[in-house]
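Report on the structure
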Amino acid sequence: MKYNWNWAIFWDPAPDGTGIYLWWLVSGVGWTLATALLAWVIALALGATIGTLRTTPLTWVVRLGNAYVELFRNIPLLVQMFLWYFVLPELLPKALGDLLKQMVPPWASFWPAVLCLGFYTSARVAEQVRAGIQSLPRGQRMAATALGLTLPQAYRHVLLPQAFRIILPPLTSEFMNIIKNSAVALTIGLMELTARARAMQEFTFQVFEAFTAATLIYIVITLIVVYGMRRVEKRVRVPGLISAGGAPMAGH
Amino acid sequence: MFAGFDFDVIQRSLPFLFKEGMTFTLTLTAMAMTGGIVFGTLLAMMRLSSYALLNVPAAIYVNLMRSVPLVLVIFWFYFLVPWIGGWVIGAGQPIQVGAFWSSVITFTMFEAAYYAEIMRAGIQSVARGQVSAGQALGLNYWQTMGYVVLPQAFRNMLPVLLTQTIILFQDTSLVYVLSIVDFLGAAARIAQRDARLVEMYLFVAVVYFIISYTLSWMVKRLQIRIAIVK
Amino acid sequence: MRRLATVFAALLAAGAIAGAANAQQPTGTLDKIKSTGTITIGHRDTSIPFSYYDDKQQVVGYAIDICMKIVDAIKANLKMSKIDIKYNPVTSATRIPLMANGTIDLECGSTTNNLERQKQVAFTITHFVTANRYVAKKSSNIKSLNDLKGKTVVSTSGTTNIKWATEENAKRNLGMNIIAAKDHAESFLTVDTGRAVAFFMDDILLYSLVATSRNPGSWIIGSEAYTVEPYGIMLRRDDPAFKKVVNGAVSSLYKSGQINAIYQKWFLKPIPPKGINLNVPMSAQFKKVVGNPTDSGDPKDYQ
C-alpha cells in the first residue's frame, strides 16, 4: 500500500476551528516552552538549595538531601507524572482533591506537569551543584574561613559563584532534558508539541509530515538553546578558572 | 489518608504484573542495553575516525537522537519502521514488525546515541601510548581496538554505562504511550479496569524505586572495587 | 580504517540497488498469509463485547468470533491446513496507522466504517450498527448537549466520536473542553473520577461499560443519537483478492443464519468477565444489514 504524501496538510483547517494545523503545532511549542521554563525555575531554585545543603557539614541535612535526590532519581518520570496527576488528588482531603480535579484543561494537566518536571529535574540539578561545589579545591573553603567569613557568606561569595560557572555545561544539558521531558506530559493530557503532532496524525493520517515537523522544531529549539548557553558561558567565564570537561555523566 | 483503598488488588494482580509486565520490561532493557552498547561503540569509533564519510553521519545521528524527546522517537519507530524496513529490503509493501520488536529497535537506536558519547569518552581516556604500543607490536586497527583499547575503555566507563542502563530501565516505561504491556502498562490496565489508580501507581513507584536503588547501590560498590585496581 | 569505509559504501550501494530493483512488486495479503503461514489480528482491550480481554487476559469478543470464521474461510481458500494467528493489541488511535504499515492484517473491533477512512483502509461487511451518544453521572443532571456548554468532556483519541465532538464544539460554539484519552477505560475513568462531565462514545460501548461498572445505577446515557456508526472489520486497501474472500466469509455467515448464534452469545447471554447479560436485541438497522449485506461507509444507507 502506498503512502499518500501531502505536505500541504499544514495549511488545511483544523477540525476544532482554531485555524490551520500549523497553528496546532505552534500552540504545542508554546505549551512545551511554558512548561519547560516554569519547571526549570522550580528545578533551579530547589536543586541549587538542596545541592548546596548537601555539601554543608550538617550530617542530618546532608542525609535528607541525599534521600530527596534518591527518591526522585529512582522512579521513572512517567510514573512520577501519574502520581502527581492521578494519585495526589485522591490522597488529599476531599475538598482539596475535588478542587484539583475540577481544574479546567489545559491547566489541569499543566500544573501537575510543571510540578512533576520541576521536582524531578531539581534532584538532578542538586547532583550537579553538589558535584560542582565538591570539585572546588578544599583550600577555597579554608581560605574563606581564614578571612573570617561565616559559612553562608563563604557559600555566597566564594564557593557558589565558582561552582555555577563550572557546572554550566551540565546545567545546559539538564535544561535541554527538561524541554525533551515535557513531551512525557502528553500522557496526562497536556497538548504540548508531541501531543499536537500526534493529534494531527490521528485526524489527518499524515504520519510522516506531522512527526517530521515536530522533529524539526525540536532540533531548532535545541540548537537555539545550545548557542544561547554558549554565549552565556562566554560572558560569565572567569579567566583562569578551568572548567574540567571530565567524563560525560549518564543521562538524557 | 489511606482509608477506603483496597490494597488487596495488588496481591491479586501480582502474577500478571510480574509474569507479563516485568518480564517485558526486563527483556526489553537487556536487549536494548546489549544492542545499544554494541551500536554505540561502533558509533563512537566512527565519530573518532578521521574519515568525514564516517564521523559526519555518526555525529549527525548522535546529535539528532539527543535533540528529540524519547516519546517522539517511540512514535516514529512504531509507525515508520515497517515502511522503512519494506523499502530497505525491497518488498512492495511494509514489513510486519510488531510492538515488541519495534520497541527493541527504538530503544537500541535511541540509547546507542547516549552509549556512544560514553564510549567516546572511554576510548579517549585510554592513554595514547597504548595505541602506539599496539602499532609498534604490528597490530592492525581492528586488533588494536579489540585487544587493547576497547577492553580498557569498557573498564573505565563501566559505572557510567551501568548507570545509563538503569536510566534505560526506567525509560522503558514510556512504551505506555503505545498501550504496550510492560510493567507500568500492566499496572495501568488493572488500575483502569478495577478503578484502583492510587493503589496500583503507588505500587509501581515503590517497585521501580526498589529495583533502581538496589542497582545503583550495586554500581556504586562496583565503582569502588574497580577504582582500587588502577 | 579504509576497509571499513569501503564495506560501508558497498552495503549502501547494495541496499540501494536491491531497493530499486524490487520496488514495484506489490504482494497481496493472501500471498503474505500463504508465504508466512501467519495472520496478525488487531484487537482492542476494552471494547466490550466486540473485542476485549476477559479475566484470564484472553482476547475474546463478538468481532473476534467473526474474525475466526474469516480465518477459516481464508484457510479454505488458500488450501492451508493451519494458519498461525498472532494477536496485536491496538487502540483507536493506532489501528489505522498499524493497518497501513502492515503490522496487522485484520482489525477486529469496533471501528466505524466511513467514507473518509476508506481513503486509508478498506472495510468488509458491517457487523453492527450503533450511534454516537454521551454517558454522564445521573448526579450531574445533564439532559442535552446544551447542558454541556463550557463544561469538560472526554472522548477516546482517534475515534469518529472525538472528531464529531471537536467539530460540533466549533460549529455550535459550545465552549466545551475536550480531553482526549488513550482508550475507552481511561475515558470512562475520567468521568468516574470527576475530571470530566460526559464521555462521548458509541452507545453499545457505553452501555457495556456502564453494565460492567461498579455502580451501574449511577450512570445515564443520553437519549439523543448524534451520528450513525456502522462497524466494519478493517483490512488493507487496494487488495481486491483479499477483500473478496473476507466479504464472502461474512456474507455466508449472514445468509446461513450463523450470525444469529454469534450475536446471541455476546449480546443476549452472560459474558465474561463478570457474567453480565447486556440484553441488547438486534436493532432494526442491523437486521436490515443481515438481510442485505453491505460494506458501505455512507450513513444514509443505514437509516
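The next point concerns the overall build of chain C. Within chain C, the regular secondary structure consists of 10 helices and 14 strands. Dimensions along the principal axes, computed over C-alpha positions, put chain C at roughly 75 × 55 × 40 Å. Taken across its 303 residues, chain C has 57% of its residues classed as buried. Considering only intrachain contacts with a sequence separation of at least 6, the fraction spanning at least 24 residues in chain C is 75%. Working note: accessible area of chain C is about 12,400 Å², and carbon and sulfur atoms make up 54% of it. Within chain C, one finds 37 positive and 25 negative side-chain charges whose respective centroids are separated by 2 Å.

Here we come to the overall build of chain A. Across its full length, chain A holds 10 helices and 0 strands. Start at the N end of chain A and walk to the C end: the helices and strands fall as α-α-α-α-α-α-α-α-α-α. Referenced to the eigenvectors of the C-alpha coordinate spread, the extents of chain A come out at roughly 75 × 50 × 30 Å. Counting over 252 residues, chain A shows a buried share of 52%. In chain A, once contacts between residues fewer than 6 apart in sequence are set aside, the share between residues at least 24 apart is 75%. A total of about 11,800 Å² of accessible surface is found on chain A, and carbon and sulfur atoms cover 69% of it. Within chain A, one finds 20 positive and 11 negative side-chain charges whose respective centroids are separated by 16 Å.

Let's shift gears to the sheet that holds strand β3 (residues 51–53) of chain C. All names here are of chain C. With antiparallel pairing, 3 strands are arranged side by side in an open sheet as β2-β3-β4. The sheet is open, and its two borders are formed by β2 (46–47) and β4 (59–60), each paired with just one other strand. In terms of strand pairing, β2 meets β3 through 2 bridges, oriented antiparallel. Bridge pairing links serine 47 to serine 51 in β3.

Further remarks concern the packing of helix α3 (residues 62–78) of chain C against helix α8 (residues 240–256) of chain C. Packed helix pairs are specified by the crossing angle of their axes together with the interaxial distance, meaning the distance between the axes. All names here are of chain C. Relative to each other, α3 and α8 sit at 125°, their axes nearing to 9 Å. One way to sum up the angle between α3 and α8 is to call them oblique. Judged by the sense of rotation from one axis to the other, the crossing of α3 with α8 is right-handed. Touching Ile66, Lys69, Ile70, Ala73, Ile74 and Asn77 of α3 are Phe242, Val245, Val246, Ala249, Val250 and Leu253, all from α8. Looking at the contact of α3 with α8, its residues break down into 10 nonpolar, 1 polar and 1 charged.

Let us now look at the confidence of the model for chain A. Looking at chain A, the pLDDT average stands at 87 and 94% of residues meet or exceed 70. Low pLDDT, under 50, characterises residues 244–248 of chain A; the stretch is placed with 5 contacts to residues that sit more than four places away or in other chains.

Turning next to unusual backbone geometry. A cis amide bond, omega -5°, links C:Ile48 with the succeeding residue C:Pro49. Looking at where C:Pro49 falls in the secondary structure, it is placed in the loop between β2 and β3. A cis amide bond links C:Pro272 with the next residue in sequence, C:Pro273, at an omega value of 0°. Phi at A:Phe205 is positive, roughly 65°, even though this residue is not glycine. With respect to the helices and strands, A:Phe205 occurs in the loop between α9 (193–204) and α10 (207–236). By relative accessible area, which is 15% here, A:Phe205 ends up buried. Positive phi, normally seen in glycine, also occurs at C:Asn279, with a value near 55°. Secondary-structure assignment places C:Asn279 in the loop between β14 (276–277) and α10 (284–291).

Looking now at the state of the cysteines. Simply put, the disulfide is a covalent bond whose two ends are the sulfur atoms of two cysteines. Residues and elements named next belong to chain C. Summed over all chains, the structure comprises 1 disulfide over all chains. Each sulfur in the disulfide pair cysteine 67 and cysteine 108 lies 1.8 Å from the other. Note on the cysteine 67 and cysteine 108 pair: the S-S dihedral is about -100°, so by sign convention the disulfide is left-handed. Linking cysteine 67 in helix α3 with cysteine 108 in the loop between β6 (106–107) and β7 (122–137), this pair joins segments that are 41 residues apart in sequence. Taken individually, cysteine 67 and cysteine 108 each receive the classification buried, so the pair is uniform in this respect.

This next bit is on the interface of chain A and chain B. Contacts between chain A and chain B engage 40 residues on the former and 48 residues on the latter. Note on chain A versus chain B: buried area summed over both sides is about 3,900 Å², and carbon and sulfur give 77% of it. The interface formed by chain A and chain B includes 1 salt bridge. The interface formed by chain A and chain B contains 7 residue pairs in polar contact (both at pLDDT 80 or more). Of all the secondary structure elements, the ones that give two or more residues to the side of chain A that touches chain B are α2 (59–73), α3 (77–91), α9 and α10 of chain A. If one sorts the elements of the side of chain A that touches chain B by residue count, α10(A) sits on top with 9 residues. Partitioned by chemical class, the residues of the side of chain A that touches chain B number 25 nonpolar, 9 polar and 6 charged.

Within the secondary structure layout, C:Lys32 lies in helix α2 (residues 29–36). Separated by 73 residues in the primary sequence, C:Lys32 and C:Asp105 have C-alpha atoms spaced 9.5 Å apart.

Here we take up the pairing of strand β1 (residues 38–43) of chain C. Where a strand is regular, its side chains alternate between the two sheet faces. Residue and element names in this part refer to chain C. Counting buried positions along β1 yields 6 of 6 residues, so the element is predominantly enclosed. Residues Thr38, Thr40 and Gly42 of β1 are buried on one face, and the alternating residues Ile39, Ile41 and His43, pointing to the opposite face, are buried as well. Of the pairings in the sheet, the one linking β1 to strand β5 (residues 84–89) comprises 6 bridges and is parallel in character. Each bridged residue has a counterpart across the sheet, and for threonine 40 the counterpart in β5 is lysine 86. For β1 and β6, the ladder comprises 2 bridges, and the chain directions are parallel. Across the sheet, residue isoleucine 41 finds its bridge partner in β6, namely leucine 106.

Cut-off values and rules
- Residues numbered from 1 in each chain as written.
- Chains lettered and ligands numbered in written order.
- Predicted model: local features only at pLDDT ≥ 70, side-chain atom pairs only at ≥ 80, totals over all residues.
- Heavy atoms only, no water.
- Helix = DSSP H or I, 4+ residues; strand = E, 2+ residues; numbered from the N terminus.
- Buried < 20%, exposed > 50% of the residue type's maximum accessible area, 1.4 Å probe, protein only.
- Contact = heavy atoms within 4.5 Å.
- Areas by Shrake-Rupley, 256 points an atom, 1.4 Å probe, with all protein chains shown as cover.
- Lys, Arg positive; Asp, Glu negative; His and termini not counted.
- Charge placed at Lys NZ, Arg CZ, Asp CG, Glu CD.
- Pairing = 2+ DSSP bridges.
- Axes fitted to C-alpha atoms, helices over the stretch in contact; angles between N-to-C directions.
- Parallel < 35°, antiparallel > 145°, perpendicular 65-115°, else oblique.
- Left-handed = near helix turned anticlockwise from the far one by under 90°.
- Nonpolar A, V, L, I, M, F, W, Y, C, P; charged D, E, K, R; others polar.
- pLDDT = per-residue confidence, 0-100.
- Disulfide = S-S within 2.5 Å.
- Buried area = accessible area lost by both parts, 1.4 Å probe.
- Salt bridge = Lys/Arg side-chain N within 4 Å of Asp/Glu carboxyl O.
- Polar contact = N/O pair within 3.5 Å; in protein donor to acceptor, adjacent residues only side chain to side chain.

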